[in-house]
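Reading the structure
Here is how the chains run, residue by residue.
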Amino acid sequence: MAPMGIRLSPLGVAVFCLLGLGVLYHLYSGFLAGRFSLFGLGTELGAAGPAAAADAGAVVDLREMLAVSVLAAVRGGDEVRRVRESNVLHEKSKGKTREGADDKMTSGDVLSNRKMFYLLKTAFPSVQINTEEHVDATDKEVILWDHKIPEDILKEITTPKEVPAESVTVWIDPLDATQEYTEDLRKYVTTMVCVAVNGKPVLGVIHKPFSEYTAWAMVDGGSNVKARSSYNEKIPRIIVSRSHSGMVKQVALQTFGNQTTIIPAGGAGYKVLALLDVPDKSQEKADLYIHVTYIKKWDICAGNAILKALGGHMTTLNGEEISYIGSDGIEGGLLASIRMNHQALVRKLPDLEKTGHK
Ligand SMILES: Nc1ncnc2c1ncn2[C@@H]1O[C@H](COP(=O)(O)O)[C@@H](OP(=O)(O)O)[C@H]1O
Ligand SMILES: [Mg+2]
């Protein structure tokens, strides 16, 4: 304690205050410098790790994301086509599915993945991107987007649609129907991009590299594809997996009767397009898409977004909506329909857990 009777000099107090302010300034400017350097590193950290590393208040425009997603699907598709035409696929197995099928990968998957991932990551460094194939950080490719939004998108979606970057999850499937790709069944092959906002599918792109057809849609935005004018709800033609079918045929026939036509086909993207009015000649048409085995979110998110944008539905077989955040896969099978009473279809289907049809 200061002894009694000592008087504080006003000059001393002023010097003391100035020193204090200096210390505070020093500390605070260091903090700000740290913040700014983190912003500068946003791209680097974002590419290597979670989106949380980038700036927290960033927003992204979904219309721009759609433009880049279409470009990514087309560029990825160019790789898919180039590798197939070279006939050097470097096919290998990543492991087995739960049912014991080979989970295949080719150079087409890897090179398409690289193009698609880096195009999206460079344009939107702060968003979370989940992709089917491993991204090799040492084999980075910076592909710049020219910031041009194609006319057909501008015509349908007339205003920007901004959302917080941290609410966005992108799902990339660089080559859907890899099994069929290795068998040279080209019509089934697609590349897909999906954008989910808070786990809800909002933007979907499905591109067919061999017929150069692209379908895109944004929920509450617009689309370049539409539903067909009629569907057969009573005796539907049902499109199902040809290489991961499980008990799907039994489930379909048990639910809709023996008159029902079952169309085995490759690729989840192809099967969603089968429900729509697609001009591509190699595209079969169906009324329903059913899948009963485990499936990954990059296989289904784009189709889910497109169906939703057009007023259709994609749910688990129990009718539950699928959340596109968190785990990579879904357990409850898949039912996709459009212009039908989806919940009535769900009620018709047997409970797979009880019937042992899973
Ligand atoms: N039981 C399962 N386990 C893992 N992946 C599955 C699966 N059933 C389907 N898929 C994947 O879902 C996509 C569509 O399957 P299908 O053609 O059999 O309908 C394929 O994606 P990829 O080709 O992208 O791997 C396939 O690998
Ligand atoms: Mg797939």
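Since the structure is predicted, the reported quantities are computational estimates derived from the model, not experimental observations.

1. Describing the domain arrangement of the protein chain
The domain boundaries assigned to the protein chain delineate domain 1 (58-223) and domain 2 (226-355). The C-alpha-based centres of domain 1 and domain 2 are spaced at 21 Å. Across the boundary between the two partners, domain 1 contributes 40 residues, which contact 40 residues of domain 2. Broken down residue by residue, the surface that domain 1 buries against domain 2 is led by Trp 171, Tyr 188 and Pro 201, which jointly contribute 21%. Where domain 1 packs against domain 2, one counts five salt bridges. Among the ionic pairs, Lys 208 bridges to Asp 280, the shortest N-O distance being 2.7 Å. Run the count over domain 1 and domain 2 and you get 12 residue pairs in polar contact (both at pLDDT 80 or more). Of all elements in the fold, only β6 (168-176), α6 (178-182), β7 (190-197), β8 (200-208) and β9 (213-218) reach the threshold of two or more residues within the side of domain 1 that touches domain 2. Looking at the side of domain 1 that touches domain 2 element by element, the count peaks at eight residues for β8. For the side of domain 1 that touches domain 2, the residue count by class is 20 nonpolar, 10 polar and 10 charged.

2. What to know about the side chain of His 342
In this structure, His 342 sits in helix α10 (residues 342-348). One polar contact links His 342 to Thr 315, side chain to side chain, over a distance of 2.8 Å. If sequence neighbours within four positions are ignored, His 342 has contacts with His 313, Thr 315, Leu 335, Ala 336 and Ser 337.

3. Section: the packing of aromatic side chains
Summed over all chains, the structure comprises three aromatic pairs. Ring centres of Phe 117 and Tyr 118 lie 5.1 Å apart, and the angle between their planes is 85°; this geometry places the pair in the edge-to-face category. For the pair Phe 117 and Tyr 118, a shared accessibility class is recorded, and that class is buried. Where Trp 171 meets Trp 298, the ring centres are 6.0 Å apart and the plane angle is 45°; that geometry is what we call tilted. With a gap of 127 residues between them, Trp 171 in strand β6 and Trp 298 in helix α9 (residues 297-309) connect regions that are remote in the sequence. Judged by relative accessible area, which is 1%, Trp 171 ranks as buried. The residue whose ring lies beneath Arg 84 is Tyr 181, and the NZ or CZ to ring-centre distance is 6.0 Å. Just above the ring of Tyr 294 sits the side chain of Arg 98; from NZ or CZ to the centre is 3.8 Å.

4. A look at the coordination of the magnesium ion (ligand 2)
The protein atoms that coordinate the magnesium ion (ligand 2) are Asp 173 (OD), Asp 176 (OD) and Asp 299 (OD), at distances spanning 1.8 to 2.3 Å. Counting residues between consecutive donors of the magnesium ion (ligand 2) along the chain gives the motif D-x2-D-x122-D. According to the relative accessible area criterion, Asp 173 is buried, its value standing at 0%.

5. Topic: the site of ligand 1
Taken together, 20 residues sit near ligand 1, with Ala 177, Ser 241, His 244, Gly 267 and Lys 271 positioned nearest. Take Asp 173: an N or O atom from its side chain is 3.2 Å from an oxygen atom of ligand 1. Within the backbone of Thr 178, a nitrogen or oxygen atom sits 2.8 Å from an oxygen atom of ligand 1. Isolated, ligand 1 exposes 540 Å² of accessible area, and the fraction of that covered by the protein chains is 96%. If you list the elements that add at least two residues to the shell around ligand 1, you get β6 and α8 (268-273).

6. Details of the pattern of salt bridges
Evaluation of the coordinates by the stated rule reveals 21 salt bridges. Across the salt bridge formed by Lys 96 and Asp 102, the nearest N and O atoms sit 3.1 Å from each other. Ionic pairing is found between Glu 141 and Arg 114, a salt bridge with its closest N-O pair at 3.4 Å. One end of the pair, Glu 141, is in the loop between β4 (128-131) and α5 (151-156); the other, Arg 114, is in helix α4 (residues 107-123), and 27 residues separate them in sequence. The exposure class assigned to Glu 141 is buried, which follows from its relative accessible area of 19%. Look at Arg 114 and you get partly exposed, because its relative accessible area is 23%. Connected through salt bridges with shared partners, the residues Glu 79, Arg 82, Arg 114, Lys 115, Asp 139 and Glu 141 form a single ionic network.

7. Digging into the sheet that holds strand β17 (residues 313-315)
In spatial order, the strands read β13-β12-β15-β19-β17; together these five strands make up an open sheet with mixed pairing. At either margin of the open sheet sits one strand with a lone partner, and together these are β13 (261-265) and β17. Shown here is a sheet whose adjacent strand axes are inclined to one another by a mean of 20°, direction ignored. One ladder, built from two bridges, connects strand β12 (residues 237-241) with strand β15 (residues 288-291); its direction is parallel. By the bridge assignment, Ile 239 is partnered in β15 with Tyr 289. Running at roughly 130° to β15, helix α7 (residues 248-256) makes contact with β12, β13 and β15 of the sheet. Of the strands in this sheet, β17 and β19 (334-337) touch α9, which is tilted by about 140° from β17.

8. Notes on the state of the cysteines
Counted under the stated rule, the structure contains one disulfide. There is a disulfide in this structure between Cys 194 and Cys 301, and the S-S distance comes to 2.0 Å. On the S-S bond that ties Cys 194 to Cys 301, the torsion sits near -45°, and the link is left-handed. Placement of the pair is Cys 194 in strand β7 and Cys 301 in helix α9, with a sequence separation of 107 residues. Assessed through its relative accessible area of 1%, Cys 194 is described here as buried.

Calculation rules
The numbering scheme is per chain: residues are counted from 1 as the chain's sequence reads. Chain labels run from A onward and ligand labels from 1 onward, assigned in the order the entries are written. It should be noted that, the model being predicted, local features are given only for residues of pLDDT at least 70 and side-chain atom pairs only at 80 or more, the latter also being counted only at that level, while totals for whole chains, interfaces and linings use all residues. As a rule here, side-chain values cover all heavy atoms of the structure and leave hydrogens and water aside. By convention here, the domain bounds are inherited from an automatic or database domain assignment. Contact definition: two residues touch when any of their heavy atoms are within 4.5 Å. Defined here as a combined quantity, buried area equals the accessible surface (1.4 Å probe) lost by two parts on assembly, summed across both. By salt bridge we mean one thing: a side-chain nitrogen of Lys or Arg within 4 Å of a carboxyl oxygen of Asp or Glu. We define a polar contact as two N or O atoms separated by no more than 3.5 Å, with the added condition that, inside protein, one atom must be a possible hydrogen donor and the other a possible acceptor, whereas residues neighbouring each other in sequence contribute only through side-chain atom pairs. Think of it this way: any DSSP run of H or I at least four residues long counts as a helix, any run of E at least two long counts as a strand, and we number them from the N terminus. Classification convention: Asp, Glu, Lys, Arg as charged; Ala, Val, Leu, Ile, Met, Phe, Trp, Tyr, Cys, Pro as nonpolar; all other residues, Gly among them, as polar. For Phe, Tyr and Trp, rings pair up if their centres lie within 6.5 Å, where Trp contributes its six-membered ring, and each pair is then called stacked (planes under 30 degrees apart), edge-to-face (over 60) or tilted (otherwise). Burial classes follow relative accessibility: with a 1.4 Å probe on protein chains only, a residue under 20% of its type's maximum area counts as buried, one over 50% as exposed, and anything between as partly exposed. Lysine NZ or arginine CZ positioned within 6 Å of the ring centre and within 35 degrees of the ring normal marks a charge as sitting over the ring. Only N, O and S atoms count as donors, using a 2.8 Å cut-off from the metal and 3.2 Å for Na, K and Ca, and because water is excluded some sites may appear unfinished. Nearness is judged by heavy atoms alone; a residue qualifies as near a molecule or strand once a single heavy atom is within 4 Å of it. Only the protein chains shown count as cover for residues, and the accessible areas themselves come from Shrake-Rupley with a 1.4 Å probe. Only when DSSP finds a minimum of two bridges between them are two strands counted as paired. Working convention: axes come from line fits to C-alpha atoms, limited for helices to the stretch in contact. Angles between N-to-C directions cover 0 to 180 degrees. When two cysteine sulfur atoms are found within 2.5 Å, that pair is recorded as a disulfide.

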